[in-house]
Structures are given as C-alpha cells and as structure tokens.
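One letter stands for each residue in the lines below.
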Amino acid sequence: RAVAMLKKHGIIPKVYLISGLPGETEVTLEKNIQFMREAQPDKWTLGKFTPFPGCDVWNNPERYGARINKDSFSDYWLFFGGFVLDYETANREVLEERYKRLFDYLKSNEWKR
C-alpha cells in the first residue's frame, strides 16, 4: 500500500531489501519476489545483512543460530563483500546463492509489469 500511495502522489518509491537476515529461508526469498511483483516500486537496492558490534546479533549470536567472523573487518562490505556470518540453517555459500538469485531477479526486471 505504501508504494501505491507514493506513486499516487507523484513520489518515486524506492525499496530497500536486505538479504541474509536471521530467519531468512527459501520461503521468505519467494515472499520478497512476490512483494516486488505486487508492489511495483520504481527503484530498489539490495544489501547484505552484516552484524556490527553493539547490535543484538553481534552480542548474542547464539539467539539467532549464528556464527560471526569477528576477526577481519576487511570483510565487512555491505554490498560487495561476502557474508560475514553463518547460520545453523544456512552457511555463507547458501546466503550468497540466495543473494545472487534475488539480485539477478531484481536486475532482470522480470517482476515489472
């Protein structure tokens, strides 16, 4: 509804999506794809979830089933670097594959009417 309201009032909507959040699954990936088909925003950005010192995932990774690479901050590039964490349910390779699938889909504009 928010995207439609923005368009109605002449505002160009941009959607910001984050891949690799705790709890992400194949189902939530498909929900993001479905959202893009339905919402039809004019612009989008896709980032990679990166926990930083002080956030709850950093402070309590066990709550999220996460293991975080806390040794090398040179890996902490939000868009271009790899994921810096693994989950019990998805390792870095799985997270990268999901990110790539979503990014390629968004870039293809297949979701646009």
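On a predicted model such as this, the values are computed, not experimentally measured, just so you know.

What counts, and where the lines are drawn
- Residues numbered from 1 in each chain as written.
- Predicted model: local features only at pLDDT ≥ 70, side-chain atom pairs only at ≥ 80, totals over all residues.
- Heavy atoms only, no water.
- Phe/Tyr/Trp six-rings, centres within 6.5 Å; stacked < 30°, edge-to-face > 60°.
- Helix = DSSP H or I, 4+ residues; strand = E, 2+ residues; numbered from the N terminus.
- Buried < 20%, exposed > 50% of the residue type's maximum accessible area, 1.4 Å probe, protein only.
- Lys NZ or Arg CZ within 6 Å of the ring centre and 35° of its normal.
- Pairing = 2+ DSSP bridges.
- Right-handed = clockwise from strand over helix to strand, strands pointing away.

**Describing the packing of aromatic side chains**
Scanning the model with the defined rule gives 3 aromatic pairs in all. A ring pair is formed by Trp44 and Phe103, whose centres lie 5.7 Å apart and whose planes are at 75 degrees; its orientation type is edge-to-face. Here Trp44 is found in strand β2 (residues 43–48), whereas its partner Phe103 is found in helix α4 (residues 92–108), with 59 residues between them in sequence. Between Tyr99 and Phe103, the ring centres sit 6.1 Å apart and the planes meet at 10 degrees, which makes this aromatic pair stacked. Note that Tyr99 and Phe103 are positioned in helix α4 at a spacing of 4 residues, about one turn of the helix. By relative accessible area, which is 28% here, Phe103 ends up partly exposed. Here the aromatic cluster, defined as three or more aromatic residues joined through ring pairs, consists of Trp44, Phe83, Tyr99 and Phe103. Cation over ring: Lys48 sits above Tyr99, and NZ or CZ is 4.6 Å from the ring centre. Taking NZ or CZ as reference, Lys70 lies 4.8 Å from the ring centre of Trp58, over its face.

**Let's talk about unusual backbone geometry**
A positive phi angle is found at Gln40, which is not glycine, with a value near 55 degrees. As for its position among the elements, Gln40 is in the loop between α2 (26–39) and β2. One non-glycine residue, Asn109, adopts positive backbone phi at about 65 degrees. Mapped onto the elements, Asn109 comes out in the segment after α4. What makes Asn109 partly exposed here is its relative accessible area of 36%.

**Focus on the pairing of β2**
Where strand β1 (residues 14–19) lies against β2, 6 bridges are found, and the strand directions are parallel. Bridge assignment links Tyr16 to a residue of β2, and that residue is Thr45. For the handedness criterion, the β-α-β arrangement of β1, α2 and β2 is classed as right-handed.

Don't take any of this as a statement about function, it's just geometry.
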